[in-house]
Amino acid sequence: MNIIDGKKIAQNLRNDIAKQVKSLDRAPGLAVILVGDDPASSVYVRNKDNACKEVGFYSEKINKPADITQQQLLDEIQRLNNDDKIDGILVQLPLPSHLDANLVIEMISPEKDVDGFHSENVGKLMQNKPYLRPCTPKGVMTLLAITGIDLVGKNCVVVGASNIVGRPMAMELLNARATVTICNSKTTNLSGKLQQADVVVVAVGIPKMIQGDWIKPGAVVIDVGINRLKTGKLVGDVDFDAATQNASWMTPVPGGVGPMTIATLLENTLTAYQNRK
Ligand code: GUN
């Protein structure tokens, strides 16, 4: 079994972006909005801000109180839509329940939608004419490409159907001419589906939900889950040690998909900058 070293691949990607930034006439700019002070979201936002600084981007970390009104948040996004220093706008999810995340996402100019969550960008991905592509699935595609895994005609099973990972992941794999099965929490005989899979991508958020003997010998296993056990240990959605008995390639948790999400956000911000020029 071989490890897909996402940490190293992400670092190479960031080094490459930093090199490109040096030759631009202005720094690409990213605005990250955090509403409230959810601890996990605060960590993600801080990491995104630090990654921007590392590659020489201009970045604005915007903290808004948890009781901000829908209209105030929409006004803030409109201000950033009209700010020429800003190429990318990201609103960290989830939002407090009194806010409508969908309305907020739709307010972001599709040209600055570096998360790829706006319906216009979702539609373009679905039509296989992608513009800005969701970071985590695009990061997984980069891992597969750099590892040299051929997807054409392969059986790929995606477990999880969220707007952030599962659905766009399935479209990415279909666009790469794989045969794609999308499973969700109601899927019957999940183990049977997985036993047919040449490539498995799991994003469900349940520790060790995927058992090792569900993995076909030689399969590639991409684990998007990051779960903290009561002991403090971080584990994925796949029983890693057991799955190593069958998999040919696997992403570890941590150090697999996670670092790729932020590196891909930087890549998308650079793309948004280039498109706006
Ligand atoms: N929350 C969890 N993942 C993401 C992501 O990729 N983008 C945003 N904006 N929020 C998230």
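Quick note: structure is the one above.
Residues numbered from 1 in each chain as written. Predicted model: local features only at pLDDT ≥ 70, side-chain atom pairs only at ≥ 80, totals over all residues. Heavy atoms only, no water.

### Details of helix α10 (residues 258-276)
Since the α-helix advances by 3.6 residues per turn, residues separated by three or four positions end up pointing in the same direction. Here α10 spans 28 Å end to end across 19 residues, near enough to the 27 Å set by a 1.5 Å rise per residue. If you check which residues of α10 are buried, you get M260, I262, A263, T264, L265, L266, N268, T269, L270, A272 and Y273. In this fold, the buried residues of α10 make contact with α1 (6-22), β2 (29-35), α2 (39-55), β4 (88-91) and α6 (135-147). (Helix = DSSP H or I, 4+ residues; strand = E, 2+ residues; numbered from the N terminus. Expected span 1.5 Å × (residues − 1). Buried < 20%, exposed > 50% of the residue type's maximum accessible area, 1.4 Å probe, protein only. Contact = heavy atoms within 4.5 Å.)

### A few points about the site of the ligand
If you check the shell around the ligand, you find L90, V91, Q92, L93, D115 and F117 and nothing else. In this structure, a nitrogen atom belonging to the ligand sits 3.3 Å away from a side-chain N or O atom of Q92. Computed on the free molecule, the ligand has an accessible area of 280 Å², of which 82% lies beneath the protein chains in the complex. Residue composition of the shell around the ligand, grouped by class: four nonpolar, one polar and one charged. (Near = heavy atom within 4 Å. Polar contact = N/O pair within 3.5 Å; in protein donor to acceptor, adjacent residues only side chain to side chain. Areas by Shrake-Rupley, 256 points an atom, 1.4 Å probe, with all protein chains shown as cover. Nonpolar A, V, L, I, M, F, W, Y, C, P; charged D, E, K, R; others polar.)

### Some points on the state of the cysteines
A complete count under the given rule lists zero disulfides for this structure. Looking at C52, it has no disulfide partner, and the nearest cysteine sulfur is the one in C135, 11 Å off. (Disulfide = S-S within 2.5 Å.)

### Regarding α6
Relative to the 18 Å expected for 13 residues at 1.5 Å per residue, α6 spans 18 Å between its end C-alpha atoms, a close match to the ideal helical length. Every buried residue belonging to α6 is among C135, T136, P137, K138, G139, V140, M141, T142, L143, L144 and T147, and all of these are buried. Positive phi appears at G148, one or two residues downstream of α6, with a value of about 85°.

### So, the pairing of strand β6 (residues 179-183)
Pairing geometry for strand β5 (residues 155-159) and β6, over five bridges, is parallel. What sits directly across from V157, in β6, is T181. Read from β5 through helix α7 (residues 166-175) to β6, the crossover connection turns out right-handed. (Pairing = 2+ DSSP bridges. Right-handed = clockwise from strand over helix to strand, strands pointing away.)

### Some thoughts on the side chain of R14
On the secondary structure map, R14 appears in helix α1. Of the polar contacts made by the side chain of R14, one reaches the side chain of Q11; its length is 2.6 Å. At a separation of 3.2 Å, a polar atom in the side chain of R14 contacts the side chain of E54. Among all residues touching R14, those that are not within four sequence positions of it are E54, V55, A263 and L266.

### A few points about the sheet that holds strand β1 (residues 2-3)
On the basis of which strands lie adjacent, the open sheet formed by six strands has the order β1-β11-β8-β7-β5-β6 and parallel pairing. Each of the sheet's edge strands pairs with one partner strand only, and the pair in question is β1 and β6. Sheet analysis places strand β8 (residues 220-223) next to strand β11 (residues 249-250), joined by two bridges and oriented parallel. Its bridge partner lying in β11, V220 is registered against W249. The strands touched by α7 are β5, β6 and β7 (199-202); relative to β5, the strand with the most contacts, the crossing angle is about 170°. (Axes fitted to C-alpha atoms, helices over the stretch in contact; angles between N-to-C directions.)

### A closer look at the packing of α6 against α7
Relative to each other, α6 and α7 sit at 40°, their axes nearing to 9 Å. It follows that α6 is oblique to α7 by the angle criterion. Crossing of α6 over α7 shows right-handed handedness. Residues P137, K138, V140, M141 and L144 of α6 form the contact with α7, whose own contacting residues are P168, M169, E172 and L173. The residue makeup of the contact of α6 with α7, split by class, is seven nonpolar, no polar and two charged. (Parallel < 35°, antiparallel > 145°, perpendicular 65-115°, else oblique. Left-handed = near helix turned anticlockwise from the far one by under 90°.)

### Some remarks on the packing of aromatic side chains
What the rule picks out here adds up to zero aromatic pairs. Note that K124 overlies the ring of Y131, its terminal NZ or CZ placed 5.0 Å from the centroid. (Phe/Tyr/Trp six-rings, centres within 6.5 Å; stacked < 30°, edge-to-face > 60°. Lys NZ or Arg CZ within 6 Å of the ring centre and 35° of its normal.)

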